[in-house]
Amino acid sequence: MRSSILPALAAMAVTAEAAKAYIPSVWNNTAPAIHTQLVQAKNGFFEVGGVADGICQDYNPGCPSANSTIISGPVSSKYDGNKTTDFWLGITDPKGQQIYVYDQKLMYTLPRTNVVSGPEGNAINGPFSVDYDDLAQGTVLRFQGNDWAACKTFNVRQGIRTIVQPLVYGSSLWENAFGWECTPFKMTLEETDAPAVDHYRRDCPFQWLNTSPELCMGQTWGLVNADGSCVAPA
Ligand SMILES: *[C@@H]1O[C@H](CO)[C@@H](O)[C@H](O)[C@H]1NC(C)=O
Ligand SMILES: *[C@@H]1O[C@H](CO)[C@@H](O)[C@H](O)[C@H]1NC(C)=O
Ligand SMILES: *[C@@H]1O[C@H](CO)[C@@H](O)[C@H](O)[C@H]1NC(C)=O
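Keep in mind the model is a prediction, meaning the values are calculated, not measured. (Residues numbered from 1 in each chain as written. Chains lettered and ligands numbered in written order. Predicted model: local features only at pLDDT ≥ 70, side-chain atom pairs only at ≥ 80, totals over all residues. Heavy atoms only, no water.)

Now for the overall build of the protein. Each helix and strand counted, the protein has two helices and 16 strands in total. With 234 residues in all, the protein has 52% of them scored as buried. Considering only residue pairs separated by 6 or more positions, the protein has 57% of its internal contacts joining residues 24 or more positions apart. In the form shown here, the protein has an accessible surface area of approximately 11000 Å², with 53% of it arising from carbon and sulfur atoms. (Helix = DSSP H or I, 4+ residues; strand = E, 2+ residues; numbered from the N terminus. Buried < 20%, exposed > 50% of the residue type's maximum accessible area, 1.4 Å probe, protein only. Contact = heavy atoms within 4.5 Å. Areas by Shrake-Rupley, 256 points an atom, 1.4 Å probe, with all protein chains shown as cover.)

On to the site of ligand 1, then. Residues in contact with ligand 1, as listed here, are Leu 38, Gln 40, Val 51 and Asn 67. In this structure, an oxygen atom belonging to ligand 1 sits 2.3 Å away from a side-chain N or O atom of Asn 67. Protein burial of ligand 1: of its 360 Å² of free accessible surface, 34% is covered by the chains. Its residues assigned to classes, the shell around ligand 1 comprises two nonpolar, two polar and no charged. (Near = heavy atom within 4 Å. Polar contact = N/O pair within 3.5 Å; in protein donor to acceptor, adjacent residues only side chain to side chain. Nonpolar A, V, L, I, M, F, W, Y, C, P; charged D, E, K, R; others polar.)

On to the pairing of strand β15 (residues 182-191). With six bridges joining them, strand β1 (residues 20-27) and β15 adopt antiparallel strand pairing. Paired with Val 26 across the bridge in β15 is Met 187. Here strand β10 (residues 138-143) pairs with β15 via two bridges, running antiparallel. When the sheet's bridge partners are listed, Leu 141 is paired in β15 with Met 187. Summarising the sheet, strand β11 (residues 148-155) and β15 pair through four bridges and their orientation is antiparallel. When the bridges of β15 are listed, Trp 148 appears paired with Phe 185. (Pairing = 2+ DSSP bridges.)

The subject of this paragraph is the site of ligand 3. Around ligand 3, the neighbouring residues are Asn 28, Thr 30, Leu 135, Thr 183, Pro 184, Phe 185 and Lys 186. Here an oxygen atom of ligand 3 and a side-chain polar atom of Asn 28 are 2.4 Å apart. At 3.3 Å, a backbone N or O of Pro 184 approaches an oxygen atom of ligand 3. Here ligand 3, which alone exposes 360 Å², has 56% of that area covered by the protein.

By the criterion of burial, strand β5 (residues 71-76) is predominantly enclosed, with six of the six residues buried. As defined by bridge partners, β1 adjoins β5 across three bridges and the pair is classed as antiparallel. Residue Tyr 22 lies in a different strand from β5, and its bridge partner there is Ile 71. Alignment of β5 against strand β6 (residues 84-89), held across four bridges, turns out to be antiparallel. Within the sheet, the bridge partner assigned to Ile 71 lies in β6 and is Leu 89.

Next up on the list: the side chain of Ser 25. Structurally, the position occupied by Ser 25 is in strand β1. Once you skip the residues sitting within four places of it in the chain, Ser 25 turns out to touch Thr 36, Gln 37, Leu 38, Val 39, Lys 186, Met 187 and Thr 188.

The next thing to look at is the packing of aromatic side chains. Across all of its chains, the model carries six aromatic pairs by this definition. Judged by centre distance (6.5 Å) and plane angle (70 degrees), the ring pair of Tyr 108 and Tyr 200 falls under edge-to-face. Pair noted here: Tyr 108 is in strand β8 (residues 105-108) and Tyr 200 is in strand β16 (residues 199-200), with a separation of 92 residues, a long-range link. Cation over ring: Arg 161 sits above Phe 45, and NZ or CZ is 5.3 Å from the ring centre. (Phe/Tyr/Trp six-rings, centres within 6.5 Å; stacked < 30°, edge-to-face > 60°. Lys NZ or Arg CZ within 6 Å of the ring centre and 35° of its normal.)

This is the structure in structure tokens:
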């Protein structure tokens, strides 16, 4: 087993016993359009299908996991070390990239920072948990004890994407604000010892350059809106 996946977590004085590296995918055997598709980290969001935005280490430009998503946890909570409820991307960059929910979407932090949500605040870090699911007959990831929804979303530049949202947000079942279709699913986790990428791409939101430029340090600069769509070049 390669030990390179967890250095970011080890640096945070995590209790290592329960944390494992996993590749997440969709389980819903009555929804063939999404069943068994991979859950992929893409520019700050988790999308159903396609390939991940993994960025290789400088010394290893052809790294084999660049197209796949490795997540790692559960580890000690950033805000309550007594709880083992946080999940991170499995990367080798020591700053790590934490997984969280913001604005009803599953997201991950900017690379090369330890900032969760930036100036917008109110990110929800968990609790995430790993359970055995009787229906899927496998290991699954849950958020606040619940499963997930795959929701279609649209913007002009990226077209239609299917992004991952918590099935239950607060006390209510999520309904997509624009009436795009959401399909509930269980997120199955397959243990992996694949080598980790350096980090996963997430471009700094355009407005943060003005409000909090320090958040955008140390990463590839891209012009994107808060919803992940690109800003037209001037
Ligand atoms: C990632 O690339 C490898 C070959 O480099 C391929 O075997 C694998 O199927 C790809 N995975 C995805 C999710 O596209
Ligand atoms: C964590 O546990 C310790 C020892 O039981 C306790 O003193 C501390 O208040 C707990 N912290 C939180 C945030 O609950
Ligand atoms: C699968 O999707 C259907 C809708 O297509 C939904 O009714 C059902 O609850 C989902 N199953 C799971 C296990 O999430």
